[in-house]
4 protein chains.
Amino acid sequence: MAHRLGANRYGKAESRVVRIVRDTQRHELHDLNVSTSLRGDFEAAHTTGDQAAVLPTDTQKNTAFAYAKLHGVGSVEDYALALGSRLLDACPAAEAAQVRVEEYGWDRIGDHSFVRRGGSVRTAVVTVGREATHVLSGICDLALLNTTDSEFKGFLKDEFTTLAEADDRVLATSLVARWRHTDTDGIDWNASHEAVRATLLETFAGTYSRALQETLYAMGCAVLDAQPGIAEIRFSAPNLHHFLVDFSGFQIDGLSNEGEVFVAADRPYGLIEAQVTRDDVPPADEAWLAVPGFC
Amino acid sequence: MAHRLGANRYGKAESRVVRIVRDTQRHELHDLNVSTSLRGDFEAAHTTGDQAAVLPTDTQKNTAFAYAKLHGVGSVEDYALALGSRLLDACPAAEAAQVRVEEYGWDRIGDHSFVRRGGSVRTAVVTVGREATHVLSGICDLALLNTTDSEFKGFLKDEFTTLAEADDRVLATSLVARWRHTDTDGIDWNASHEAVRATLLETFAGTYSRALQETLYAMGCAVLDAQPGIAEIRFSAPNLHHFLVDFSGFQIDGLSNEGEVFVAADRPYGLIEAQVTRDDVPPADEAWLAVPGFC
Amino acid sequence: MAHRLGANRYGKAESRVVRIVRDTQRHELHDLNVSTSLRGDFEAAHTTGDQAAVLPTDTQKNTAFAYAKLHGVGSVEDYALALGSRLLDACPAAEAAQVRVEEYGWDRIGDHSFVRRGGSVRTAVVTVGREATHVLSGICDLALLNTTDSEFKGFLKDEFTTLAEADDRVLATSLVARWRHTDTDGIDWNASHEAVRATLLETFAGTYSRALQETLYAMGCAVLDAQPGIAEIRFSAPNLHHFLVDFSGFQIDGLSNEGEVFVAADRPYGLIEAQVTRDDVPPADEAWLAVPGFC
Amino acid sequence: MAHRLGANRYGKAESRVVRIVRDTQRHELHDLNVSTSLRGDFEAAHTTGDQAAVLPTDTQKNTAFAYAKLHGVGSVEDYALALGSRLLDACPAAEAAQVRVEEYGWDRIGDHSFVRRGGSVRTAVVTVGREATHVLSGICDLALLNTTDSEFKGFLKDEFTTLAEADDRVLATSLVARWRHTDTDGIDWNASHEAVRATLLETFAGTYSRALQETLYAMGCAVLDAQPGIAEIRFSAPNLHHFLVDFSGFQIDGLSNEGEVFVAADRPYGLIEAQVTRDDVPPADEAWLAVPGFC
């Protein structure tokens, strides 16, 4: 036969796991979206329909719920490591298990009452292989905006260029960031995540920007500077354009626009993707397999 | 002709108005989604194509942006009142102008830097008519969850009923609430909104629930008790089901489920809509015209 | 107490009911999204937490699935009428049951194989009351576009008007239309729906447009002219703006734009809502209760 | 410094390009969503803020619109090849330009009138490099459903497995498929796409399925068998679960369920990704860079 099965993978996506800790009257809440997948030698399932090596996606889902109790959700990374190890153990044909988790934040309004925080979502992508294990922590839907200290000029121009140079513009993005930890144990995942998030916000707020690229690079460097345990960080960042509204056609007293009124555009948007990498840490392509944004 | 034009309305929906106040180095940011519409005598536009009475939706959009500067956005209600009055003045054929605003919250992370808050969105629906003006303040996407103190039992049963009575269940919703103010001026809209939001949260957290209906009614009563200037409040509240995961099929030590692990379901969901109304205030159907959720 | 419960309603939204008819080897497929709600005297559920009168939303869901078998889905209107009658019978406290259905079309690619059609969705909203029954048939997500024969000029101008008059523009919408039948039985619902859809398309294609309002009115009149059993029709129609791209800044041979290249904008959009009503049929507000788009 | 810029890329995403051909009274319509990106030596933009090598995303957008006129949209592949070549020429620092296009289908209802087809979307991802050019044709949102001839049994079981073996189940997916052409010119792209789509549908309809994996593999083999010019095909296919509704708790005449009533679930869903590759064609990782689904 002139063709063959190539890479393949299967799993259960988007199990909505809610874990309540009710050991005391002051309950805790963890609200997760969990996806698992396995890759390895599943050729027979494709070519002959023989499912003997296939741990069903339904079982993967059951395990995700069970491990929310058996192992708990002290941190999403820790939970994902335990779940990934279990799935790899349970499925001999698998070379690696990947577990992706999104955690939706809730703020407490009572001993057993919560209001959903909204805004950014904490993420983890854990790959447990036969040889190595990788942890990517991350954040998505982190919408950031600077009202000034942003320019864009000195760019390449061709015959299709009409963009005016900008000395002072709004810079806004809805950031996806993922960072790979050099090690996968002995880490206080929650503290580490909180620290990286704080660094990202501080650097975004404190950096004069000559392009979104420069801001992202500064954010990446700041994270690697502050966190010796992080090997690399990757960003996927839309440039959410805010166009100054042109009031020049109106003859109305007081209707000027000194960077005060903008239209927030939906599409198109710029899209910037960039990585910042520590020099002395080997790459780990496997950790990023099938993770959108420079996978 | 045996048929005729009935009710009609037209406008510009979802202008994304961003207003930055940069009077000092500490900038302010207002991020709005503004929709306007006019109703009145626009019959010719429909029947003969004569547009002489029609203020274009493009002009309505321009006015929405211009008023973000000319009038400012001290509060969404105040901005909407000014914009609605202007549109009514500018269009003699209109009987009423309706302005709907959603305001997305941002938290400050620097003098000119912000991170989007997410979570609930503040809303306003203002109707400026020739005779009367109405203000509906509101909130949407307010996701609330109680991990206990919620039951559902004693309900009507028929031959299709399989639901078990529940003594202790998760109660969760993503609330839309809108409330009508008796008056439309002399009000500190921002303080009023903050107070209503606080009452909604406190009451949700503090009420033992025998049904989502009871919780909503308690929330409505609490708001009307606390705010003499509010004539009525209306809720549209999905019952976001959280089903206890059944671990009984597994023979695994420690794998019990005493209200600890739930699956958050997407669809179907319960949908509860209810109004609480002050006895001595006349109704104002016009205020709710074309507002989803018991309009 | 100075306040009281006002209007209220409850039900189960968005049950995804899939019905397969497999009487012969050539299977049939009906793919529905079903929402039911009851209104009536449910005051105790709100004020005292007594659920004795409340038929659970879970039971409503069970009934929706059971009736897909017991009654079948010959047409969505017919199914909704049967389901609404059953719910009203099962719940003595209810004054009326409303059933909303969306039907997703699938095209046959084999005796038991289908590909989802996409595009417009067929809808029905049936209200079964103690006194009267109403049927609204409808269609949503019907995206229509004319590349010419559309103008917009002669409109009202004020100091915020910058829109140029247009002799030849793209006219595009994503239509929601709902129409009320005078009677509720003896109707071939499928044939009726097909005929209305055909009239809407023909009229959109065949009408020179001086505004979207004029086009909608023409479509409404054409439907009422062709279908004596339809009492009224209501439209909610975004004006999906297509802006001519300005190539005038480029000095490139052949780069003109005689109505050939447009940018399809997302937001804002015009929003036109209009009704066309038969003169001699009494109104039926109840039929439109809580149906968005001039409810 | 211990860290450095890694891979990076930038461009303009989701330009909504609408091209009307009006050479005769019978107009043609092409409705596209176009994203472009460049990768290469853009280090200075990140590290020093120097934009001299950066062709602005705004210029990329302008070029996308201009090429809809200058080159036309005979096929999305052909348009993307021309646009990608132009962008690479215009930006000396770039190593490669990637152009992604989605084309939304419209059906004719008049000489200048169209109704949007909905359903599946045709896609193309073209990478124009200094050394090589690659074309991926594709389709997304292709929802397919078999009502029978699908089983799932003989799978691996562990202590968390509760899934019953199924002899006859609904098989449904919303397919994303992308296939790489060995050559990039001399191809009738439209005919090729139509032929692949037909093969995918025929094979889905005609294959008895022992797992979605087997069906996908059969579809991939059928495409490669029929199309010697296609080097490989990749699938990302959710397993859209349809669960048989359990009527066993009801004591109602006629209420059985022999594969007739199902609930269509939203989440979680299985997710199967697989590639089928021609043996004698070298891989081309660059073609798949940053394309989700086994990139």
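Worth saying up front: this structure is predicted, and the values here are computed from it rather than measured.

## As for the overall build of chain A
Link 1 in the chain: Assigned secondary structure in chain A consists of 5 helices and 12 strands.
Link 2 in the chain: Each principal axis of the C-alpha atoms in chain A carries an extent, and together these give about 75 × 65 × 40 Å.
Link 3 in the chain: Residue pairs at least 24 apart in sequence account for 65% of intrachain contacts in chain A once pairs closer than 6 positions are excluded.
Link 4 in the chain: Entry remark: accessible area of chain A is about 10,400 Å², with carbon and sulfur atoms responsible for 46%.
Link 5 in the chain: The averaged location of the 43 negative side-chain charges in chain A is 8 Å from the averaged location of its 27 positive side-chain charges.

## Regarding the relation of the copies chain D and chain A
Between the two copies of the chain lies a relationship made up of a rotation around an axis and a movement along it.
Link 1 in the chain: The two copies are related by a screw motion: chain D maps onto chain A through a turn of 180° and a shift of 0.0 Å along the axis, at an RMSD of 0.0 Å. The transformation relating the two chain copies, once decomposed into turn and shift, fits a two-fold axis. Proximity to the rotation axis, assessed at the C-alpha, singles out P292 of chain D in chain D; its C-alpha lies 2.9 Å from the axis.
Link 2 in the chain: A shared interface surface links the copies, since 100% of the contact residues of chain D are contact residues in chain A too.

## Description of helix α4 (residues 189–206) of chain B
Link 1 in the chain: Here α4 of chain B is 18 residues long and its end C-alpha atoms lie 26 Å apart, about the 26 Å a rise of 1.5 Å per residue gives.
Link 2 in the chain: Looking only at α4 of chain B, the buried set comprises W189, S192, H193, V196, T199, L200, L201, T203, F204 and A205 of chain B.

## Structural notes on the domain arrangement of chain A
Residues and elements named next belong to chain A.
Link 1 in the chain: Partitioning chain A into structural domains gives domain 1 (10–104) and domain 2 (108–242 + 251–289).
Link 2 in the chain: In this structure, domain 1 and domain 2 have C-alpha centres spaced 28 Å apart.
Link 3 in the chain: Contacts between domain 1 and domain 2 engage 30 residues on the former and 23 residues on the latter.
Link 4 in the chain: When the two sides are added together, the surface that domain 1 and domain 2 hide from each other amounts to roughly 2,300 Å², 51% of it contributed by carbon and sulfur.
Link 5 in the chain: At the boundary of domain 1 with domain 2, the tally comes to 4 salt bridges.
Link 6 in the chain: E77 serves as the salt-bridge partner of R122, at 2.7 Å between the closest nitrogen and oxygen.
Link 7 in the chain: Across the contact surface, domain 1 and domain 2 share 16 residue pairs in polar contact (both at pLDDT 80 or more).
Link 8 in the chain: With 11 residues, the single largest contributor to the side of domain 1 that touches domain 2 is strand β3 (residues 94–104).

## Some details on unusual backbone geometry
Link 1 in the chain: Here the residue pair R267 of chain A and P268 of chain A is connected by a cis peptide bond, since its omega of -10° sits within 30 degrees of zero.
Link 2 in the chain: Relative to the elements of secondary structure, P268 of chain A occurs in the loop between β11 (261–264) and β12 (269–278).
Link 3 in the chain: Positive phi values are uncommon outside glycine, yet E14 of chain B reaches one of about 65°.
Link 4 in the chain: Tracing the backbone shows E14 of chain B in strand β1 (residues 3–21).
Link 5 in the chain: When its relative accessible area of 22% is taken as the criterion, E14 of chain B is described as partly exposed.

## So, the interface of chain C and chain B
Link 1 in the chain: In this complex, chain C contributes 76 residues to the contact, which on the side of chain B involves 76 residues.
Link 2 in the chain: When chain C packs against chain B, close to 6,900 Å² is buried across both sides, 55% of that on carbon and sulfur atoms.
Link 3 in the chain: Three residues stand out in chain C for area buried against chain B, namely H3, L156 and F160 of chain C, and they jointly supply 11% of the buried area on that side.
Link 4 in the chain: Seen at the junction of chain C and chain B, the total is 10 salt bridges.
Link 5 in the chain: The partner of E159 of chain B in a salt bridge is R86 of chain C, and the shortest N-O contact between them spans 3.0 Å.
Link 6 in the chain: Among the elements that take part in the side of chain C that touches chain B, strand β1 (residues 3–21) of chain C stands out by supplying 14 residues, more than any other.
Link 7 in the chain: Its residues placed into classes, the side of chain C that touches chain B shows 35 nonpolar, 23 polar and 18 charged.

## Section: the UniProt feature "active site" (unreviewed entry) in chain A
Residue and element names in this part refer to chain A.
Link 1 in the chain: Under the UniProt annotation, the feature "active site" (unreviewed entry) is placed at K12, T57 and H241. Taken along the chain, the residues just named run across 230 residues; in space they spread out, the farthest C-alpha pair reaching 40.8 Å.
Link 2 in the chain: Within the secondary structure layout, K12 lies in strand β1 (residues 3–21).
Link 3 in the chain: The exposure class of K12 is buried, given its relative accessible area of 4%.

## Quick look at the UniProt feature "binding site: urate" (unreviewed entry) in chain A
Link 1 in the chain: Following the UniProt record, the feature "binding site: urate" (unreviewed entry) maps to T57, D58, F152, R169, Q213 and N239 of chain A here. Maximum C-alpha separation among the annotated residues is 50.6 Å over a sequence range of 183 residues, too wide for a single clustered spot.
Link 2 in the chain: With respect to the helices and strands, the residue Q213 of chain A is situated in helix α5 (residues 212–226).
Link 3 in the chain: Setting aside residues no more than four positions away along its own chain, Q213 of chain A makes contact with I272 of chain A together with Y10, A45 and H46 of chain D.
Link 4 in the chain: Along the chain, N239 of chain A turns up in strand β9 (residues 230–239).
Link 5 in the chain: In this view, N239 of chain A contacts R169, L171, A172, L212, Y269, G270 and L271 of chain A; residues no more than four positions away in its chain are not counted.

## So, the relation of the copies chain C and chain B
Link 1 in the chain: It takes a turn of 180° to lay chain C on chain B, together with a shift of 0.0 Å along the axis; the resulting RMSD is 0.0 Å.
Link 2 in the chain: The fraction of interface residues of chain C whose copies in chain B are also interface residues reaches 100%, indicating that both copies meet through the same surface.

## A few points about the packing of α4 of chain B against helix α5 (residues 212–226) of chain B
Residue and element names in this part refer to chain B.
Link 1 in the chain: Contact geometry for α4 and α5: axes closest at 9 Å, N-to-C directions at 140°. In terms of orientation, α4 lies oblique with respect to α5. Of the two elements, α4 crosses α5, and the hand of that crossing is right-handed. Note on element contacts: α5 touches α4 through T215, A218, M219, A222, V223 and A226, opposite V196, T199, L200, T203 and F204.
Link 2 in the chain: Classifying every residue of the contact of α4 with α5 gives 8 nonpolar, 3 polar and no charged.

## Observations regarding the packing of helix α2 (residues 57–70) of chain D against helix α3 (residues 76–90) of chain D
Working note: a packed helix pair is described by the angle between its axes plus the distance between those axes.
Residue and element names in this part refer to chain D.
Link 1 in the chain: Following both chains from N to C, one finds α2 and α3 inclined at 135°, their axes separated by 10 Å at the closest point. Viewed along their axes, α2 and α3 adopt a mutual orientation that is oblique. The interaxial crossing formed by α2 with α3 has right-handed handedness. Residues Q60, T63, A64, Y67 and A68 of α2 lie in contact with α3, whose contacting residues are Y79, A82, L83, R86 and L87.
Link 2 in the chain: Its residues assigned to classes, the contact of α2 with α3 shows 7 nonpolar, 2 polar and 1 charged.

## Quick word on the environment of D141 of chain A
Residue and element names in this part refer to chain A.
Link 1 in the chain: Mapped onto the elements of the fold, D141 is located in strand β7 (residues 133–146).
Link 2 in the chain: Each C-alpha atom, one on D141 and one on V245, is 26 Å from the other, the two residues being 104 residues apart in sequence.
Link 3 in the chain: Apart from residues no more than four positions distant in its own chain, D141 is found in contact with G119, S120, V121, S174 and L175.

## Points about the packing of aromatic side chains
Link 1 in the chain: Overall, the coordinates contain 20 aromatic pairs over all chains when judged by the stated rule.
Link 2 in the chain: Measuring from centroid to centroid gives 5.0 Å for Y10 of chain A and F42 of chain A, while their planes differ by 80°, and the two rings are edge-to-face. Within this pair, whereas Y10 of chain A is found in strand β1, its partner F42 of chain A is found in the loop between β2 (28–40) and α1 (43–47), the two being separated by 32 residues in sequence. With respect to class, Y10 of chain A is no different from F42 of chain A; both count as buried.
Link 3 in the chain: With a centroid separation of 5.5 Å and 70° between ring planes, the pair formed by F160 of chain A and F250 of chain C is classed as edge-to-face.

## A short note on the interface of chain D and chain A
Link 1 in the chain: Of the residues lining the interface, 76 residues belong to chain D; the matching set on chain A comes to 76 residues.
Link 2 in the chain: In total, about 6,900 Å² of surface goes out of reach between chain D and chain A, with carbon and sulfur atoms giving 55% of it.
Link 3 in the chain: Here chain D and chain A share 10 salt bridges between them.
Link 4 in the chain: For D158 of chain A, the salt bridge is made with R86 of chain D, and the minimal N-O distance between the two is 2.9 Å.
Link 5 in the chain: Going through the elements one at a time, β1 (3–21), α1 (43–47), α2, α3, α5 (212–226) and β12 (269–278) of chain D are the ones with two or more residues in the side of chain D that touches chain A.
Link 6 in the chain: In terms of residues, the side of chain D that touches chain A owes the most to one element, β1 of chain D, which gives 14 residues.

## Side note on helix α2 (residues 57–70) of chain C
Link 1 in the chain: Taking 1.5 Å per residue, 14 residues should reach 20 Å; α2 of chain C reaches 19 Å between its end C-alpha atoms and fits that length.
Link 2 in the chain: Counting buried residues along α2 of chain C, 12 of its 14 residues qualify, which places the element largely inside the surrounding structure.
Link 3 in the chain: At its buried positions, α2 of chain C is contacted by β12 (269–278) of chain B, β1, β2 (28–40) and α3 (76–90) of chain C together with β11 (261–264) of chain D.
Link 4 in the chain: Looking one or two residues beyond α2 of chain C, the residue adopting positive phi is G72 of chain C, at roughly 85°.

## Observations regarding the pairing of strand β8 (residues 171–181) of chain D
Residues and elements named next belong to chain D.
Link 1 in the chain: With 9 of 11 residues buried, β8 lies mostly within the body of the structure.
Link 2 in the chain: Taken together, the 9 bridges between strand β7 (residues 133–146) and β8 define a ladder with antiparallel strand orientation. Counterpart to N146 in the pairing with β8 is L171.
Link 3 in the chain: Pairing of β8 with strand β9 (residues 230–239), which is carried by 6 bridges, proceeds in the antiparallel orientation. By the bridge assignment for β9, V176 is matched with S236.

Procedures and definitions
- Residues numbered from 1 in each chain as written.
- Chains lettered and ligands numbered in written order.
- Predicted model: local features only at pLDDT ≥ 70, side-chain atom pairs only at ≥ 80, totals over all residues.
- Heavy atoms only, no water.
- Helix = DSSP H or I, 4+ residues; strand = E, 2+ residues; numbered from the N terminus.
- Contact = heavy atoms within 4.5 Å.
- Areas by Shrake-Rupley, 256 points an atom, 1.4 Å probe, with all protein chains shown as cover.
- Lys, Arg positive; Asp, Glu negative; His and termini not counted.
- Charge placed at Lys NZ, Arg CZ, Asp CG, Glu CD.
- Least-squares fit on C-alpha atoms with pLDDT ≥ 70 in both.
- Expected span 1.5 Å × (residues − 1).
- Buried < 20%, exposed > 50% of the residue type's maximum accessible area, 1.4 Å probe, protein only.
- Domains from an automatic or database assignment.
- Buried area = accessible area lost by both parts, 1.4 Å probe.
- Salt bridge = Lys/Arg side-chain N within 4 Å of Asp/Glu carboxyl O.
- Polar contact = N/O pair within 3.5 Å; in protein donor to acceptor, adjacent residues only side chain to side chain.
- Nonpolar A, V, L, I, M, F, W, Y, C, P; charged D, E, K, R; others polar.
- UniProt positions renumbered as here; feature names shortened; annotations may be inferred.
- Axes fitted to C-alpha atoms, helices over the stretch in contact; angles between N-to-C directions.
- Parallel < 35°, antiparallel > 145°, perpendicular 65-115°, else oblique.
- Left-handed = near helix turned anticlockwise from the far one by under 90°.
- Phe/Tyr/Trp six-rings, centres within 6.5 Å; stacked < 30°, edge-to-face > 60°.
- Pairing = 2+ DSSP bridges.

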